[in-house]
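A closer look at the structure
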Amino acid sequence: MAKRKKLNVGLVVVILVLAVLSGALYGVYKVVDTVSKGDWQAEFDKGEAFLLAAEEAVGPERSIEFRKAIEAYKEAIKNCDDPTKEMFLGLAKSYFGLLHDPRLTSIDRAKYWRSMEVGISKSLKLDPTYVDALQLNVDRLWLAGVAQGGRPNYTPDYGGFVEATSRLINADPDNAEAYFRRGVACERQAVLDRDNLVLAEADFRKAIEIDPATALLRIGGLIRFLEANERLEEAEQVHIEGIAANPDDTELLRNYARSLYVQGRSIEAMEQLDKA
């Protein structure tokens, strides 16, 4: 009996020691885990700094900084229990920037493109009205071929682009560039539905109304649209208004001269070229 009592006491002691050690080990684990989880903020800050450096860099240095940003954002997301929309957007922006590297292989380009799409999608899932993510989504589709009317072996999804741009405009109604880009897409859809011409013109005019001081490209879009639809008097009026607001813009003056020359008004055309 005495021996059994000793064994029981010894067993209790062993259990108590193991319990203490287990608690100590768990405490160490929690400290380490907390430190690790706390590192996400530092990694996120590094990602933001690398992304800013990449946007200001030139040449190969840009790609190097974008790659650093990608790794930092990945670490932040991995170490954070609830990754934020800003983390996913930062990662997507870094991939977007890296896609401009002409040295990328087609395989890497496709991989990075998909990673960018996933980042945008996760950011918008957390906040469907997040303007920065909506803007990057529009930039992505514009780059995909809407701007050029399509790349080889790629047909732009103009309808999808109009939908994406409309979401951006709903969240950011003073975005002149978004109106201009939606106008371009609507104009190119007019082959299928002539009603899109009305929408395109409205968007071009809205872009100029919102931001007349920097509307030179948008003025050109509206002029091209009006001339293509044989509304020459309206196109001329837009030329005149544009030149009045931007008298030193040589491209606008030359475009006006070209338009006058095509109409057989060569003397007036020469006058505009002299001003240019």
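Read on for an overview of the structure.

Further remarks concern the side chain of Asn137. Its location among the elements puts Asn137 in helix H5 (residues 131-146). Among the residues examined, Asn137 registers a relative accessible area of 11% and is labelled buried. When near neighbours in sequence (up to four residues on either side) are disregarded, Asn137 contacts Ile120 and Ala164.

Following the sequence through the fold, Asp203 ends up in helix H8 (residues 195-210). On the basis of relative accessible area, Asp203 is assigned to the buried category, the value being 5%. If we skip the residues at most four places from it in the chain, Asp203 touches Tyr179, Phe180, Arg182, Gly183 and Cys186.

Time to look at the environment of Glu48. You can see Glu48 is positioned in helix H1 (residues 2-56). Taking the C-alpha atoms as reference points, Glu48 and Gly90, separated by 42 residues in sequence, lie 7.1 Å from one another. A distance of 2.4 Å separates the side chain of Glu48 from the side chain of Tyr73, its partner in a polar contact.

In this section: helix H6 (residues 158-171). Across its 14 residues, H6 extends 20 Å between first and last C-alpha, which sits within 8% of the 20 Å expected from 1.5 Å per residue. Those residues of H6 that fall on the buried side of the exposure criterion are Tyr158, Gly160, Phe161, Val162, Ala164, Thr165, Ser166, Leu168 and Ile169.

This part covers the nonpolar core. Soluble globular proteins tend to bury their nonpolar side chains together. Judged by nonpolar contacts, the single largest core of 63 residues is most densely connected at Met116, Phe204, Leu222 and Phe225. Those residues in contact with Phe225 that lie beyond four places of it in its chain are Glu187, Leu197, Ala200, Glu201, Phe204 and Arg231.

To continue, consider the packing of H6 against helix H7 (residues 176-189). When two helices pack together, their arrangement is given by the angle between the helix axes and by the axis-to-axis distance. Taken N-terminus to C-terminus, the directions of H6 and H7 make an angle of 155°; their axes are 9 Å apart at the nearest point. In terms of orientation, H6 and H7 fall into the roughly antiparallel class. Judged by the twist between their axes, the crossing of H6 over H7 is left-handed. Residues Tyr158, Gly159, Phe161, Val162, Thr165, Ser166, Leu168 and Ile169 of H6 pack against Ala178, Tyr179, Arg181, Arg182, Ala185, Cys186, Arg188 and Gln189 of H7.

About the criteria used
Residues numbered from 1 in each chain as written. Predicted model: local features only at pLDDT ≥ 70, side-chain atom pairs only at ≥ 80, totals over all residues. Heavy atoms only, no water. Helix = DSSP H or I, 4+ residues; strand = E, 2+ residues; numbered from the N terminus. Buried < 20%, exposed > 50% of the residue type's maximum accessible area, 1.4 Å probe, protein only. Contact = heavy atoms within 4.5 Å. Polar contact = N/O pair within 3.5 Å; in protein donor to acceptor, adjacent residues only side chain to side chain. Expected span 1.5 Å × (residues − 1). Core = buried A, V, L, I, M, F, W, Y, C linked by side-chain atoms within 4.5 Å. Axes fitted to C-alpha atoms, helices over the stretch in contact; angles between N-to-C directions. Parallel < 35°, antiparallel > 145°, perpendicular 65-115°, else oblique. Left-handed = near helix turned anticlockwise from the far one by under 90°.

Shape descriptors only; they carry no functional weight alone.
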